[in-house]
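# Survey of secondary and tertiary structure
Below are the chains, spelled out letter by letter.
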Amino acid sequence: MYSECGQIGDAFKAFADIVWKDDGSWSSIIGTYKQNGMESEALELCKEMLADGITFTSYSLPLCISACSQLSAMQVGKQLHVFAIKSGYNYDVYVASSMIDMYAKCGTMEESDKVFGEQVLPNEVIYNAVICGYAHHGKAQEAVEVFSKLEKNGLTPNNVTFLAVLSACSHSGYVEDTLYFFTLMLNKYKIKPESEHYSCLVDAYGRAGRIEEAYQIVQKDGSESAWRTLLSACRNHNNTKIGEKSAMKMIELNPSDHASYILLSNIYLGEGKWEEARKCREKMAKIRVTKDPGSSWLI
């Protein structure tokens, strides 16, 4: 309850009040910190758990590996991988998928492939992790090949599988492949597309400069993310007409979001329409929309 409400302090107090802490209670507090973006603290709790005499299980281990993924802490992740092998957890579906994800996000897809290849009977969760890994690295062809293996092994792709392969194809500029998988999801597997799926399709057409077709697609979905994707494509291809429509729609959906004003202003500047760009910025200032300042941090 405290975790879902973001009340980390209350969650830790409840945990601290437990006299005999078992794997379940440790896994719960580690998961709470990880889910609320406090991965470093989650790993510290992992150390405290071990010091308390509680060893990793198939519940706590994936949580700690996942924390390493978010922090790109591959050396710690490798230590957890060694433990998984020694304890036999490397064949557990959630441990294995978390390791695949960790190595992919740390930039070593080769290690992800190795973990994947060691799985005796990989299920959809494992396949999804690999496809997501290839999508993260922009390797569309490899993602498509793994998707084909999934089908050949008699497994059924789900909405996560399709989002991963659609993302991989759209980012690589594979317009026809993106459309193929979108249609496959809809017609063969009867999966209703979500906003993220539509955004991938819009992104594919947008990257190819097929703005009119992307505009037709986004009208079917109508989500803010799809309109933002279209607006970005309009900026990249200097399409002022559809760019204006997209910006107006985004402003209607989320008036306080600076992105639509900034992108529309940049489209005007790219077209040499200085007066329109100035008016756009003035309107943004009038309603007190400010661009978020950039920031960076190192671990």
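This text goes with the structure placed above it.
None of the values given here were measured: they were computed from a predicted structure. For every chain, the first residue of the written sequence is number 1, and numbering continues from 1 along that sequence. In keeping with the predicted nature of the model, local features appear solely for residues at pLDDT of at least 70, side-chain atom pairs appear and are counted solely at 80 or more, and the whole-chain, interface and lining totals rest on all residues. With hydrogens and water stripped out, all remaining heavy atoms of the structure feed into the side-chain values.

### Quick notes on the state of the cysteines
We call a pair of cysteine sulfur atoms a disulfide whenever their separation is within 2.5 Å. All told, the structure shown has 1 disulfide when counted by the stated rule. With a sulfur-sulfur separation of 2.2 Å, Cys 46 is cross-linked through a disulfide to Cys 64. Looking along the S-S bond of the Cys 46-Cys 64 disulfide, the torsion reads about -95 degrees, which is the left-handed sense. Placement of the pair is Cys 46 in helix α3 (residues 39-51) and Cys 64 in helix α4 (residues 60-71), with a sequence separation of 18 residues. Comparing Cys 46 with Cys 64, the two get one shared label, buried. Cysteine Cys 106 is unpaired, with the sulfur of Cys 68 as its nearest cysteine sulfur at 7.5 Å. Comment: elements are numbered from the N terminus, with helices defined as DSSP H or I runs of at least four residues and strands as E runs of at least two. Between buried and exposed lies partly exposed: a residue is buried under 20% and exposed over 50% of the maximum accessible area for its type, with that area taken using a 1.4 Å probe on protein chains only.

### Quick word on the packing of aromatic side chains
Note on aromatic contacts: the rings of Phe and Tyr and the six-membered ring of Trp form a pair at centre separations within 6.5 Å, being stacked when their planes are under 30 degrees apart, edge-to-face when over 60 apart, and tilted otherwise. The full count for this structure, using the stated rule, is 11 aromatic pairs. With 5.0 Å between their ring centres and 75 degrees between their planes, Tyr 180 and Phe 181 make a pair best called edge-to-face. What links up through ring pairs into an aromatic cluster is the set Phe 147, Phe 162, Tyr 180, Phe 181 and Tyr 189.

### Quick notes on helix α5 (residues 74-87)
Expected span, for any helix, means 1.5 Å times one less than how many residues it has. The end-to-end C-alpha separation of α5 is 20 Å, in line with the 20 Å expected for 14 residues at 1.5 Å each. Those residues of α5 not exposed but buried are Met 74, Gly 77, Leu 80, His 81 and Ala 84. Around the axis of α5, the buried residues are gathered within 115 degrees of arc, so they sit on the same side. Facing away from the buried side of α5, by more than 90 degrees, are the exposed residues Gln 75, Gln 79 and Lys 86. The contact criterion used is simple: two residues touch if any of their non-hydrogen atoms lie within 4.5 Å. On its buried face, α5 is in contact with α4, α6 (93-105) and α7 (109-117). Where α5 terminates, the next one or two residues include Gly 88, which has phi positive at roughly 85 degrees. Summarising the geometry, the arc corresponds to the directions from the helix axis toward the C-beta atoms.

Any functional reading would require information that these geometric values do not contain.
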